[in-house]
Amino acid sequence: MARAQVRSWFAGGRAAGATEEATHALLRQAAFRVALAVLDGEAFSSVADAADLLARELLTARTPGEEPGRPVFAEDWDGLLAAARAEFGQTEDESPAGVPLPVRTVRYQGDAFAGAVLAEVWQSHHAARAPVVRWLRALADDPRPQVWVRAALVAGELCTADPGYGFVELVAPLASARSARRRYAAATALDQAGRREPYRTAVRAVVEEWAHADDAGLRWTAALTLGHGRIEPDTRTAVELLGRLGTRDEGRHLQVASYALARLAAGSRAAEALTLLGEWAGEVAGDRRDLALLTGVRLCTASGDDYWEPESPDADGADGEPADPEGRTDPAGAARTLRRPGRVGAAPSAGRAAGSVRLPGVWRTVPGRPAVPRADVAAVDAELGRLRDWPLALAIAVAVPEAAGPLAGLLWRVFDSHLSGERALDGLSSWLRAARQTQPDAEATEAAAAAEAAAVADGELLRALVWFLPLLVREERDWQRLGWVLEAMAADPGEPMDERFVGHVLDAVGAGLRGRGEGQQ
């Protein structure tokens, strides 16, 4: 029924003898229906703006050389929504100040309409493709995540309907653009297109080609797509390719490669990805070491919600898996609720083989080191979703227990390096402050303390912290570093750390170290 209804909507453009005014009205109705199909359920203002942009593209395509006008004080939204089988709604959206405010939304009255509209336009009206493609590329510049992310997801789905046209006309221009947001949109579209076979194999070939391209924008987009983790099933292959991308051209893509590596580590692939990063961080010098240290700093200073993204099909409707590569907040943010490349086919990178281990003063290659198995995706998704407000490193260590050792090994080198130690200590301070906030106040009333303890899951973050910190203490200077950080926080005039909490942390870490020593003996 939805397909039949949609076909009748778009058949009006073929009516003979229609006046120019009537034709313009039909095109504006069509533009609204397509915009609503892309942004179904979003803010009405976003849909109206997008519909107006598409109407201008359609009118310009129909009458080239003429500047299309727009009706002012002449909109009949109630009539348009009735004709489009749509309705107003209301939800809450976060304001720039972080306060949730009511927002008027608009959506189709049935779930089948949005897909039917896009399929009808893309498959039955070829002359409309070029205006729609230009319009989707323009939406990639919109600063609102709910607009550009949804447009990118639709672009990925359209690529699966006609891969040759979609990749060349829609995604490639976004990937090679100077705008970082457009490249984000291209990577999001590729990730969406690769949600199922056989399109995943096609996307993998595109990503492989772009990873070795001369165009810096294509390489940047390839790195970001690999970070989603859906396209390349072999973790070691993905990590090695990101290593080559991050160290090429004197580290031109170091930031985006480290971002992608952090995203791979924030999920079920954590153990293998962190094992490889720890090997790189142990190298005496070189670009791969710098890349690993930068990735470790990201893991140390971010919260779980900055990088984690659900991998399981139940979480996002996919067959298979936020922060900014340049160090800013991910412009997609939480808006991307619909949310990943085997063989890359490139020769192994120069330098130490992936199967080597670090010994004091010498490298010894262990041929064919077995890959660390991937953790259960559904279980990791459930845990990281629950711990998304935690410091990212602690969330990974708890959600993927087999990754705790490799993570501690990487972060130990991050803390110990003069290149990354100072920034990593800022991250450690944030862990301690976050854990302090989850410790019930000893002087609070019994009822208040009980309520506070229940709200913070009885100090679960604090317990995770004092369990993980001993893994970072391997030498005397590591213990001294932890003590110095706690003393500096206790002496902070702006926000002094409670001395009882400092003592509790030191006692707990000391007990953990003694227990570890007895176990080793």
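None of these values were measured; they are calculated from a predicted model.

Asker: Sorry if this is basic, but what is going on with the packing of helix H21 (residues 421-437) against helix H24 (residues 476-490) here?
Answerer: Two quantities define a packed helix pair, namely the angle between the helix axes and the distance between the axes. H24 packs onto H21 with a crossing angle of 65 degrees between their chain directions and a minimal axis gap of 11 Å. Seen along the crossing, H21 lies across H24 with a hand that is right-handed. Note on element contacts: H24 touches H21 through Arg481, Leu482, Trp484, Val485, Leu486 and Met489, opposite Leu425, Leu428, Ser429, Leu432 and Arg433. Here the residues of the contact of H21 with H24 are counted per class, giving eight nonpolar, one polar and two charged.

Asker: Any chance you could explain the packing of aromatic side chains here in plain terms?
Answerer: Summed over the entire model, instances satisfying the criterion amount to 13 aromatic pairs. Plain terms: the ring middles of Trp9 and Tyr108 are 6.4 Å apart, the flat faces sit at 15 degrees to each other, and that makes the pair stacked. Here Trp9 is found in helix H1 (residues 2-11), whereas its partner Tyr108 is found in strand S2 (residues 100-108), with 99 residues between them in sequence. Across this residue pair, the class does not change: Trp9 and Tyr108 are buried. On the numbers, 6.1 Å between centres and 55 degrees between planes, the contact of Trp148 with Tyr184 is tilted. Taken together, the residues span a long stretch of sequence, with Trp148 in helix H7 (residues 145-161) and Tyr184 in helix H9 (residues 180-193) at a distance of 36 residues. No difference in accessibility class separates Trp148 from Tyr184, as the two residues are buried. Through a chain of ring-to-ring contacts, three or more aromatic side chains come together here, namely Phe32, Phe44, Trp77 and Phe88.

Asker: It is not clear to me how the pairing of strand S1 (residues 86-94) should be interpreted in this structure. Could you clarify?
Answerer: Side chains on a regular strand alternate between the two faces of the sheet. Examined bridge by bridge, S1 and S2 share nine bridges and lie antiparallel to one another. Residue pairing for S2: Phe88 is matched across the bridge by Val106. Between S1 and S2, which pair antiparallel one after the other, the connecting turn spans five residues, and Gly98 there sits at a positive phi close to 85 degrees.

Asker: Is there a simple way to think about the packing of helix H12 (residues 235-247) against helix H14 (residues 270-281) in this case?
Answerer: The contact between H12 and H14 brings their axes to 9 Å, and the two run at 40 degrees. Between H12 and H14, the angle is such that the two are oblique. Considering only the axes of H12 and H14, their crossing is right-handed. Where H12 approaches H14, its residues Thr235, Arg236, Val239, Glu240 and Gly243 are matched on the opposing element by Glu272, Ala273, Leu276 and Trp280. Its residues assigned to classes, the contact of H12 with H14 comprises four nonpolar, two polar and three charged.

Asker: Honestly, unusual backbone geometry in this entry has me stumped. Any pointers?
Answerer: Negative phi is the rule for most residues except glycine; trans is the rule for most peptide bonds. Across the junction of Glu197 and Pro198, the peptide omega takes the value 5 degrees, indicating a cis bond. The residue Pro198 is located in the loop between H9 and helix H10 (199-211) in this model. Of note in the backbone geometry, Arg85 takes a positive phi value of approximately 55 degrees without being a glycine. With respect to the secondary-structure elements, Arg85 resides in the loop between helix H4 (77-83) and S1.

Asker: Even after reading the chapter, I still don't get the pattern of salt bridges, so can you show me in this structure?
Answerer: In this structure the tally under the stated criterion is 33 salt bridges. With a closest N to O distance of 2.9 Å, Arg134 and Glu57 form a salt bridge. Here Arg134, found in helix H6 (residues 129-139), pairs with Glu57, found in helix H3 (residues 44-62); they are 77 residues apart in sequence, far enough to count as distant. Residues joined by salt bridges that share partners form a network here, namely Asp416, Glu475, Arg477, Asp478 and Arg481.

Asker: Looking at this structure, I do not really get the nonpolar core. What am I missing?
Answerer: Within soluble globular proteins, side chains that are nonpolar generally end up buried alongside one another. One finds Trp135, Leu274 and Trp431 to be the most contacted residues of the largest nonpolar core, which totals 154 residues. Counting residues per element, this core draws most heavily on H7, which supplies ten residues. Once residues within four sequence positions are removed from consideration, Leu274 is found in contact with Ala265, Leu299, Ile396, Ala403, Pro406, Leu407 and Leu410.

Quick notes on the rules
Residues numbered from 1 in each chain as written. Predicted model: local features only at pLDDT ≥ 70, side-chain atom pairs only at ≥ 80, totals over all residues. Heavy atoms only, no water. Axes fitted to C-alpha atoms, helices over the stretch in contact; angles between N-to-C directions. Helix = DSSP H or I, 4+ residues; strand = E, 2+ residues; numbered from the N terminus. Left-handed = near helix turned anticlockwise from the far one by under 90°. Contact = heavy atoms within 4.5 Å. Nonpolar A, V, L, I, M, F, W, Y, C, P; charged D, E, K, R; others polar. Phe/Tyr/Trp six-rings, centres within 6.5 Å; stacked < 30°, edge-to-face > 60°. Buried < 20%, exposed > 50% of the residue type's maximum accessible area, 1.4 Å probe, protein only. Pairing = 2+ DSSP bridges. Parallel < 35°, antiparallel > 145°, perpendicular 65-115°, else oblique. Salt bridge = Lys/Arg side-chain N within 4 Å of Asp/Glu carboxyl O. Core = buried A, V, L, I, M, F, W, Y, C linked by side-chain atoms within 4.5 Å.

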